[in-house]
Structure formats: structure tokens, C-alpha cells
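# Per-entry structural report
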Amino acid sequence: MIPEPPSLRRGVHLLARGLGRSFEGGLVPAVRRADLEVQPGEAVAIMGPTGCGKSTLLAMLALLEPPEVGELVLDGVPAARLGSGERVRRELVGIVFQFHYLLPHLSAAENVLLPLAGSALSAQQRRERVAELLHALGLEHRARTLAARLSGGERQLVALARALVNRPRLILADEPTGAVDSATGKLLLDHLFAPAGGGTPSIVLVTHDPAVAGRAHRVLPMRDGVLPA
Ligand SMILES: Nc1ncnc2c1ncn2[C@@H]1O[C@H](COP(=O)(O)OP(=O)(O)OP(=O)(O)O)[C@@H](O)[C@H]1O
Ligand SMILES: [Mg+2]
């Protein structure tokens, strides 16, 4: 195998100004106003009570939910001009969802392989990258296990591997340690903050756990749909 060159991965500069999104025709104002700037390589934790809009905000930052108001700018380019959200996610963003969303009928390794569809890597390189990540997360013995048969914590680790496999420059993680014991949580966070492949991605992390938030450079409180500047 030819070794890959040292990673030049650099975190994305993220700027969100006045982002807002509601549901049910405006009856549920999930995010009223979110202002956030993340410097390249910076890790920011968002904390706030259940229902205050954290997951909805992350979905907007991931270009999964279009904001109704406000602007999202990545590396100086308005998100609206970045092309399809799918491409941006494939090339820039790794997402650890609150409810992991693994495909239950695929194995752990197949789930981790998914984001590499369309990448420039050869089939062999893809397999190696998946195997390396599963090994690093202590999951090589589960590689062929169907996601439906994994434990909750194992699923969370596989979901992290899937988020990291394309070496994202921006990692969005929604309560990534919600279902794991403290030792697994530490392993998971170690890989989140220093992902395989090197470099320093930017990180936006949502958590209810102050110890997890404490690993970020900054902790931002969110309340009632408002993330103040
Ligand atoms: N698809 C949806 N349709 C309707 N309402 C929604 C939808 N998604 C979220 N909401 C509502 O928007 C509000 C914010 O939800 P969100 O999931 O962003 O909160 P959260 O801060 O992530 O909460 P938690 O800490 O429990 O994960 C809640 O009142 C929720 O019921
Ligand atoms: Mg949530």
C-alpha cells in the first residue's frame, strides 16, 4: 500500500448569522435566532435544555434543513452558493446524529463505507480506511455484524466511524456520547477531537454532559431557540 501524504486537512471557518427555522407552519419556532462563528480548527460545544433547538440548528449547519431566515457562510462562501448540500456533506462535513441512523440491514463496515461512495479512493483504499477506523475504535470484531444486532454503544461508535471516514473538515456531533459508558465515551471523544488522518477539523458538538462540553475550546448556552452571538 502506498502511504498517503501527510494530511493538510484544515478546519472550516463557519459563520451563522441570525439562523431561524420553525415547524408546523410556524407554530413551533424550533430555532428563533442562532449566531455562531467557529474558527478553523476550533471546537465549540452547545448546551441547552431539551427542545431548545440544538438538533435543528445542527441540521441547518449540515445543510440538511434549509434555514427560513439568516445566513450560513462556510469559508467565506454563502451556503446557498456552495452547490448541493449532498456534495458539501460528502466533501466537507461529518455528522454524528443524535439517533445515529445506521442502516440496520447493512453491516458495521458497510455503514462506515457509505460516505465514501463517489470518493476518489480505490476500493482497496476505502476498505483499508474503514478497517483502520473500526480497529481504532475497538470494533474490528463487529465489522461484519449487522447494525441491527449491535448494542447501543457499538452503534454510536460505528456512527462516529461513519462521520469520520471521509476525513471531514467540519464535524457536527449531536450528543455523541449519549448511549455509552464513560470509558467508551472517552475513546469516542479522543477520536472525535483528534480524528484519524490528522489535521484539525472544526467541531460543533451538542451535549448535555458538562464533562464532554469541557473538552471543547468554548461552551455556548442555548435557550428557547436562541443561541446568542
Ligand atoms: N421535524 C419536526 N417537526 C415538528 N417539530 C419539530 C421537528 N423537529 C423538531 N421539532 C420541534 O422543535 C423543537 C426543537 O427540537 P430539537 O430537536 O431541535 O431540540 P433539541 O434541543 O435538540 O432537544 P434534545 O436536547 O431533546 O435533543 C422542539 O419543540 C421539537 O418538538
Ligand atoms: Mg436534540
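Residues numbered from 1 in each chain as written. Chains lettered and ligands numbered in written order. Predicted model: local features only at pLDDT ≥ 70, side-chain atom pairs only at ≥ 80, totals over all residues.

## A few points about the site of ligand 1
Formally: Near, as applied to residues and a molecule or strand, means the residue's backbone-placed C-beta atom lies within 6 Å of it. Numbering goes from the N terminus for both helices and strands, where a helix is a DSSP run of H or I of at least four residues and a strand is a run of E of at least two. Note on residue classes: Ala, Val, Leu, Ile, Met, Phe, Trp, Tyr, Cys and Pro are nonpolar, Asp, Glu, Lys and Arg are charged, and everything else, Gly too, is polar.
Taken together, the residues surrounding ligand 1 are Phe23, Glu24, Val28, Ala30, Thr50, Gly51, Cys52, Gly53, Lys54, Ser55, Thr56 and Gln98. Contributions of two or more residues to the shell around ligand 1 are made by strand S2 (28-38) and helix H1 (54-61). Counting residues per element, the shell around ligand 1 draws most heavily on H1, at three residues. Its residues placed into classes, the shell around ligand 1 shows four nonpolar, six polar and two charged.

## Describing helix H5 (residues 152-164)
Under the convention used in this document: Helix span is expected to be 1.5 Å times the residue number reduced by one. Any residue surrounded by 20 or more other C-beta atoms within 10 Å of its C-beta is treated as buried, while 12 or fewer makes it exposed and the intermediate range makes it partly exposed; C-beta atoms here are placed from the backbone. Here the contact rule is simple: place C-beta atoms from the backbone, and any two residues whose C-beta atoms are within 7 Å are in contact.
The end-to-end C-alpha distance of H5, which contains 13 residues, comes to 19 Å, matching closely the 18 Å that a straight helix rising 1.5 Å per residue would cover. Burial runs high along H5: eleven of the 13 residues are buried. All of the buried residues along H5 are Glu154, Arg155, Gln156, Leu157, Val158, Ala159, Leu160, Ala161, Arg162, Ala163 and Leu164. Against the buried residues of H5 lie strand S6 (93-96), helix H3 (108-113), helix H4 (123-136), strand S7 (170-174) and helix H6 (182-193).

## A word on the sheet that holds strand S1 (residues 14-23)
Note the threshold: Any two strands with at least two DSSP-identified bridges between them are counted as paired. Axis geometry follows a simple rule: fit a line to the C-alpha atoms, using only the stretch in contact for helices, then measure angles between N-to-C directions, giving values from 0 to 180 degrees.
Strand order in the open sheet made by the five strands is S5-S4-S1-S2-S10, with mixed pairing throughout. This sheet does not close on itself; its edge strands, each paired only once, are strand S5 (77-78) and strand S10 (226-227). The sheet contact formed by S1 and strand S4 (residues 69-74) spans five bridges and is antiparallel. Bridging from a neighbouring strand, leucine 14 pairs with leucine 74 of S4. The strands that H1 touches are S1, S2, S4 and S10; relative to S1, the one it contacts most, it runs at about 120°.

## Here's the deal with the nonpolar core
Nonpolar side chains tend toward joint burial in soluble globular proteins. Put simply, the rule reads: Structurally, a nonpolar core is described as a collection of buried Ala, Val, Leu, Ile, Met, Phe, Trp, Tyr and Cys residues joined by way of C-beta atoms within 7 Å.
Judged by nonpolar contacts, the single largest core of 64 residues is most densely connected at Leu61, Val158, Leu160, Ala161 and Leu172. By residue number, the principal contributor to this core is H5, which donates seven residues. Those residues in contact with leucine 160 that lie beyond four places of it in its chain are Val96, Leu137, Pro176, Leu188, His191 and Leu192.

## Digging into the sheet that holds strand S8 (residues 202-206)
Strand order in the open sheet formed by five strands is S6-S7-S8-S3-S9, and the pairing between neighbours is parallel. Of all the strands in the sheet, the pair left with one neighbour each is S6 and strand S9 (218-221). Sheet twist, expressed as the average angle between the axes of neighbouring strands with direction ignored, equals 15°. Bridge count between S6 and S7: four bridges; the pairing is parallel. In the sheet register, glycine 94 faces S7, and the bridge partner there is isoleucine 171. H1 rests against strand S3 (43-47), S7 and S8 of the sheet, and its axis sits at about 155° to S8. Sheet strands touched by H5: S6 and S7. Its angle to S6, the strand with the most contacts, is close to 170°.

## A closer look at unusual backbone geometry
With the exception of glycine, most residues fall at negative phi, and the peptide bonds are largely trans. Within the chain, glutamate 24 stands out as a residue other than glycine whose phi angle is a positive 55°. Mapped onto the secondary structure, glutamate 24 falls in the loop between S1 and S2. Under the C-beta neighbour-count criterion, glutamate 24 is labelled exposed, with 8 such atoms within 10 Å. Despite not being glycine, aspartate 75 shows a phi value in the positive range, around 50°. Tracing the sequence through the fold places aspartate 75 in the loop between S4 and S5.

## Re the environment of proline 168
Along the polypeptide, proline 168 turns up in the loop between H5 and S7. According to the C-beta neighbour criterion, proline 168 is buried, with 26 such atoms within 10 Å. Linking proline 168 and leucine 102, residues 66 residues apart in sequence, is a C-alpha distance of 18 Å. Beyond its immediate chain neighbours, meaning those up to four positions away, proline 168 contacts Leu92, Val93, Gly94, Ala163 and Pro201.

## What to know about H4
Spelled out, the test is: Working definition: the arc comes from the directions between the helix axis and the C-beta atoms, pointing outward to the latter.
When the terminal C-alpha atoms of H4 are compared, their 20 Å separation across 14 residues agrees well with the 20 Å that a helix rising 1.5 Å per residue should span. Looking at H4, one finds that the buried residues are Arg129, Val130, Leu133 and Leu134. Summarising the axial view, the buried residues of H4 lie within an arc of 130°, below the 170-degree limit, and thus occupy one face. The inward-facing, buried residues of H4 abut H3 and H5. In the stretch just after H4, glycine 138 is the one whose phi turns positive, near 70°.

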